[in-house]
Amino acid sequence: MRFRHPDGSTVHLSYCTNVHPAETLEGVLAQLRDHCEPVRKRLGRDRLGIGLWLAKGAARSLINDPVQLRGLKGELERRGLEVVTLNGFPYEGFGAEEVKYRVYKPDWADPERLAHTTDLARLLASLLPDDVTEGSVSTLPLAWRTAFDDASARTAHAALTTLAERLDALEELTGKSIRIALEPEPGCTVETTADAIGPLTDVASARIGICVDTCHLATSFEDPATALRALAEAGVTIPKAQLSAALHAEHPHLPEVREALAAFAEPRFLHQTRTRTAAGLRGTDDLEEALAGEALPDGAPWRSHFHVPLHAPPAPPLTSTLPVLQDTLARLVGGPEPLTRHLEVETYTWQALPPELRPRSRGRLAEGIAAELTLARDLLVDLGLKELP
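Predicted model only: the values in this text are computed from it and were never measured.

A.B. asks: I'd like a rundown of the nonpolar core, residues and numbers included.
C.D. replies: Leu 13, Tyr 15, Ile 208 and Leu 373 are the most contacted members of the largest nonpolar core, which totals 113 residues. With residues near it in sequence (within four places) discarded, Tyr 15 still touches His 20, His 35, Cys 36, Val 39, Leu 48, Gly 49, Ile 50, Gly 51, Glu 344, Val 345, Ile 369 and Leu 373.

Next up, the structure:
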């Protein structure tokens, strides 16, 4: 979906396909047929943006076979879909029964991460619509915080510097500008936007910026105004933002709140949980850990890294951090010029919701995703952006 900002530039809105597990190119093509096109039709649009997730195997197939890449481009066009951004965070196995810590491998100290991200940038340059010259790829924020020492940090820095040089060469070759966005996430080496400033200014390239994920921002109790101001003052760009909402519990000490939260503690993904104390932010790696005994103080609200559907917050006594998304979005695109032009709805946890909340058919999932995109579209229109055909 495209929108005209009051400054005349185009802002793109898409939804991320990592909600649909697919490790192979055949799986990706099936996603387009079974999920993405039905979402587009439910929205009544001729064109829909998707934030494509390409696992290692699918990406390699496309890199090694130009015929398959042309076939993917043709399939996107036939189904009324366009791609301006890729989700390069998960490497492979995102559809596994248990993902947890695996999603953070390989990290930026591993040459495989650089190789995979380079592949994604090359593919995106080919997949961009003819009238679009700028693409973005979100990626993990260096590494999970453990086992990442000074030597690892130096290796990661060198890899990002090399990547920036490759992106410069790619633009010279193709005329397409691809930018990479590190996505701060709780528990990672770069957990917050503040954590990102040092590593990104060290790289000293406008090619490498930050992906602001509003679920992660909220889970770490970051203030959107403070975070975005600090990024601007440091000269850190925002190639992409992900529109997502975290799980919020106002009174985690109450038994009924604990019971409601327990329904969201599931075995597939990590749900890092945070609270604010007088001594600063406290947290656990997973929601189940937070609920066990005295692992986390419960005298103040908890927020958990669980991407809940934007249009359907959980029932009381829980809620979502949708207000943080709204505040952040207003600051990103509600000013005289947009701070980012790539927006992506990223609710990948539909099938991890409590059983009674999960969509029980492809049609119900498509309806839910379309409802999320409708909410995001309405927010953008309310901010003064004009929806384009």
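A.B. asks: Tell me about helix H12 (residues 362–382), residues and numbers included.
C.D. replies: When the terminal C-alpha atoms of H12 are compared, their 30 Å separation across 21 residues agrees well with the 30 Å that a helix rising 1.5 Å per residue should span. Along H12, the residues that are buried comprise Leu 365, Ala 366, Gly 368, Ile 369, Ala 370, Glu 372, Leu 373, Ala 376, Arg 377, Leu 379 and Leu 380.

A.B. asks: Provide a residue-level description of the pairing of strand E14 (residues 342–345), including the pertinent values.
C.D. replies: Of the two faces of E14, the one lined by His 342 and Glu 344 and the one lined by Leu 343 and Val 345 are each fully buried. Across four bridges, strand E2 (residues 10–16) lies against E14 in parallel orientation. The partner of Leu 13 across the bridge, within E14, is Leu 343. For strand E8 (residues 240–243) and E14, the ladder comprises three bridges, and the chain directions are parallel. Looking at E14, one finds that Gln 242 is bridged to Glu 344.

A.B. asks: An account of the pattern of salt bridges is requested, with residue identities and associated values reported.
C.D. replies: All told, the structure shown has 26 salt bridges when counted by the stated rule. Note that Glu 37 is salt-bridged to Arg 79, the shortest N-O span being 2.6 Å. Residue Glu 37 is located in helix H1 (residues 25–43), and its partner Arg 79 is located in the loop between helix H3 (66–78) and strand E4 (81–87); the two are separated by 42 residues in the primary sequence. The residues Glu 37 and Arg 79 share a single accessibility class, namely buried. As a salt-bridge pair, Asp 286 and Lys 100 come within 2.6 Å of each other at their nearest N and O atoms. Taken as a pair, Asp 286 in the loop between strand E11 (280–284) and helix H10 (287–291) and Lys 100 in the loop between E4 and helix H4 (111–127) lie far apart in primary sequence, 186 residues in all. Across this residue pair, the class does not change: Asp 286 and Lys 100 are buried.

A.B. asks: Would you mind going over the packing of aromatic side chains in detail, with residue names and values included?
C.D. replies: In this description, a pair of aromatic rings is defined by centroid distance and the angle of the planes. Summed over the entire model, instances satisfying the criterion amount to eight aromatic pairs. Considering the side-chain rings of Phe 269 and Tyr 348, the 5.0 Å spacing of their centres and the 75° angle between planes classify their relative orientation as edge-to-face. Residue Phe 269 is located in the loop between helix H9 (255–262) and strand E10 (273–277), and its partner Tyr 348 is located in the loop between E14 and H12; the two are separated by 79 residues in the primary sequence.

A.B. asks: Describe the sheet that holds strand E12 (residues 302–308), and please don't skip the residues or the numbers.
C.D. replies: Read from one edge of the open sheet, five strands run E11-E10-E12-E9-E13, paired in antiparallel fashion. Both edges of this open sheet fall to E11 and strand E13 (318–320), since each of them pairs with a single strand only. Between one strand and the next, the sheet's axes are offset by a mean angle of 30°, whatever the strand orientation. Sheet topology note: the E10/E12 ladder contains three bridges and is antiparallel. Residue pairing across strands places Arg 274 opposite Arg 303, the latter belonging to E12.

A.B. asks: Explain the side chain of Thr 219 to me, using residue names and the numbers behind them.
C.D. replies: Among the secondary structure elements, Thr 219 is positioned in helix H7 (residues 214–219). When its relative accessible area of 0% is taken as the criterion, Thr 219 is described as buried. With sequence-adjacent residues up to four places away left out, Thr 219 is seen in contact with Pro 186, Ala 246, Gln 272, Arg 274, Arg 303, Ser 304 and His 305.

A.B. asks: Lay out the side chain of Thr 192 in plain terms, naming residues and giving numbers.
C.D. replies: Secondary-structure assignment places Thr 192 in the loop between strand E6 (177–182) and helix H6 (193–203). A relative accessible area of 14% means that Thr 192 is categorised as buried. When sequence neighbours within four positions are dropped, the list of residues in contact with Thr 192 reads Pro 184, Ser 220 and Glu 222.

The rules behind each value
- Per chain, residues are indexed from 1 in the order of the written sequence.
- Given that the model is predicted, a residue must reach a pLDDT of at least 70 before its local features are reported, and side-chain atom pairs must reach 80 or more before they are shown or counted; all residues, however, enter totals for whole chains, interfaces and linings.
- Think of the side-chain values as coming from all heavy atoms in the structure, minus any hydrogens and water.
- In this description, a nonpolar core means a group of buried Ala, Val, Leu, Ile, Met, Phe, Trp, Tyr and Cys residues linked to one another through side-chain atoms lying within 4.5 Å.
- In this scheme, a residue with accessible area under 20% of its type's maximum is buried, one over 50% is exposed, and one in between is partly exposed, where area comes from a 1.4 Å probe on protein chains only.
- By the convention used here, residues are in contact when the closest approach between their heavy atoms is within 4.5 Å.
- Numbering goes from the N terminus for both helices and strands, where a helix is a DSSP run of H or I of at least four residues and a strand is a run of E of at least two.
- Expected helix span is taken as 1.5 Å per residue step, with the number of steps being one fewer than the number of residues.
- Two strands form a pair only when DSSP identifies at least two bridges running between them.
- Between Lys or Arg on one side and Asp or Glu on the other, a salt bridge is scored when a side-chain nitrogen of the former is within 4 Å of a carboxyl oxygen of the latter.
- Any two of the Phe, Tyr and Trp rings considered here, Trp counted by its six-membered ring, make a pair once their centres fall within 6.5 Å; the pair's planes then place it as stacked at under 30 degrees, edge-to-face at over 60, or tilted in between.
- Between N-to-C directions, angles cover 0 to 180 degrees, with each direction set by a line fitted to C-alpha atoms, over the stretch in contact for helices.

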